[in-house]
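# Notes for the structure review
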Amino acid sequence: MPDDIPKLPRQRGKKNQPKDTAWKQQKLPALRPHYSITSAIPVTLITGLATLAMGIALFFGHQGSLEQEVLYTNCTLPNGTQVERVLRSEMGNETFQCAYNIILDQDYTGDIKFYYGLNKFYQNNRLYFNSRNDQQLRGKINEIDGCDPLQYVDVNGTKVPIAPCGFVANSMFNDTFQLFYMNGTTNGTTRVPWTTRGVLGETEMKRKFRNPVRAANQTLCDVFQGTIQPPAWRYPICQLGVNSTDPDVGIGFENIDFMVWMKVAALPKFRKLYRVLNKQVDMFSNGLPRGTYQLVINYNYPVDMYDGDKSFIIASENWVGPRNLFLPVIYLVVGTFLLLVTILFILMWLKQRLSRVHPT
């Protein structure tokens, strides 16, 4: 009933009214930009000049970077047979060796790096780059989730996990290289010293790739017992890097070549860092001297099934990194376009100024 409703005291006056301040009454001054040709000209002019200057700097920087690339997809064996023909025969599982002569017309100074390159290899395929288990690569060898269909091998009804599992590890690049300097003065050959130090960052290597923990009396192969190597591998993971002459290469999951390969590329044509020149040797303290070099390749990795290409690259890099004219060209094109737009705006502004009718 209406009489049962309690009568509450009504608040009157200005007790609940917000204070009359610019903040609470939403009267703060605000910037309302007015876009016009006059305001657009400085923006396009400054941005265009800055972009064009960056493009010119990058262009001359990349011009200062030297690079020598050797395409060895169909290298010729000492008996005159092409490797591609041999790989298509019944002897496709053997290792072949071929050699190339490389002539450097000038001294390669600065940071000298050696790359291997692949073309038409789509590491950016979603099903490919997701086929891995990062927990396994950190030492938990029984973690194989996400590696299907290369998770395990059925051996007499027992599921034996693959280590390392997945498509990425199964397709690891396994060509190896040696570079020799043909000394014309002494008519001898000197092996070019290179190292794996600086190929990857220490933090990345320690956080993402670790071998399983082993006891004092265990070898690495003992720890990996109960696993099997990927189908395309010739040897188990515990033997990866064992026979290398470089002590910094690492073995197992901590092998530098394995870690570099597991960093998938974004484009089908890519290069991965193989080695860095060791400048602690006197003859190569300043880089690679001009002259003739011989590249010896242990040919293992087949690319004929997808009609791909392989290459070996010698690069002398400066502050801009590897030689790549794509970024400088983009900067130059964008900077030139903005300057042309600025000229168009200036012409429009002049037309407006000259077309004004002033009263007499």
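An unreviewed UniProt entry lists the protein under the name Cell cycle control protein 50A, from Caenorhabditis remanei. Regarding the protein, the relevant UniProt record gives this comment under Sequence similarities (unreviewed entry): "Belongs to the CDC50/LEM3 family." Note on the protein: under the UniProt heading Subcellular location (unreviewed entry), the record states "Membrane".

This part takes up the packing of aromatic side chains. Counting across every chain of the model gives 25 aromatic pairs. Ring centres of W261 and Y301 lie 6.2 Å apart, and the angle between their planes is 65°; on these two criteria the pair is classed as edge-to-face. Residue W261 is located in helix α8 (residues 256-261), and its partner Y301 is located in the loop between β10 (291-299) and β11 (309-317); the two are separated by 40 residues in the primary sequence. For the pair shown, W261 and Y301 are each scored as buried. Here R275 stacks its cationic end above the ring of Y274, 4.2 Å away from the centre of that ring. One residue, K310, lies across the ring of Y299, its end atom 3.4 Å from the ring centre.

What is meant by a disulfide is a covalent connection between two cysteines, made through their sulfur atoms. As enumerated under the stated definition, the model contains three disulfides in all. Note on cysteine connectivity: C75 is disulfide-linked to C98, with sulfurs 2.2 Å apart. Note on the C75 and C98 pair: the S-S dihedral is about -80°, so by sign convention the disulfide is left-handed. In this pair, C75 sits in the loop between β1 (66-71) and α2 (83-87) while C98 sits in strand β2 (residues 96-104), placing the two residues 23 residues apart along the sequence. With respect to class, C75 is no different from C98; both count as buried. Each disulfide pairs two cysteine sulfurs, and for C147 the partner residue is C165, the sulfurs being separated by 2.0 Å.

This next bit is on the sheet that holds strand β7 (residues 188-191). The strands making up a sheet are joined through hydrogen bonds of the backbone, oriented either antiparallel or parallel. Strand order across the open sheet formed by four strands is β2-β10-β6-β7, with antiparallel pairing between neighbours. Since the sheet does not close on itself, it has two edges, and those belong to β2 and β7, each with one partner. Put simply, the sheet's adjacent strands are angled 30° from each other on average, direction ignored. Where strand β6 (residues 176-183) lies against β7, four bridges are found, and the strand directions are antiparallel. If you follow Y181 over to β7, its bridge partner there is T190.

Rules of the game
- The residue numbering used here restarts from 1 in each chain and proceeds along that chain's sequence as written.
- Residues qualify for local features only when their pLDDT is at least 70, as the model is predicted, and side-chain atom pairs are given and counted only at 80 or more; totals for whole chains, interfaces and linings, by contrast, use all residues.
- For side-chain calculations, the full set of non-hydrogen atoms in the structure is used, while hydrogens and water are omitted.
- UniProt positions are given in the numbering used here, feature names are shortened, and annotations may be inferred rather than shown by experiment.
- Ring pairs shown here join Phe, Tyr and Trp side chains whose ring centres sit within 6.5 Å, with only the six-membered ring taken for Trp; geometry is labelled stacked below 30 degrees between planes, edge-to-face above 60, and tilted in between.
- Runs of E in the DSSP output that reach at least two residues are strands. Runs of H or I that reach at least four are helices, and both are numbered from the N terminus.
- A 1.4 Å probe rolled over the protein chains alone gives each residue an accessible area, and that area as a share of the maximum for its type sets the label: buried under 20%, exposed over 50%, partly exposed in between.
- Throughout this description, the term charge over a ring refers to an Arg CZ or Lys NZ atom that lies within 6 Å of the ring centre and within 35 degrees of the ring normal.
- Disulfide assignment relies on a single distance test, namely cysteine sulfur atoms paired within 2.5 Å.
- The pairing criterion for strands is at least two bridges between them, as found by DSSP.
- Interaxial angles span 0 to 180 degrees and are taken between N-to-C directions of axes, which are lines fitted to C-alpha atoms, for helices over the stretch in contact.

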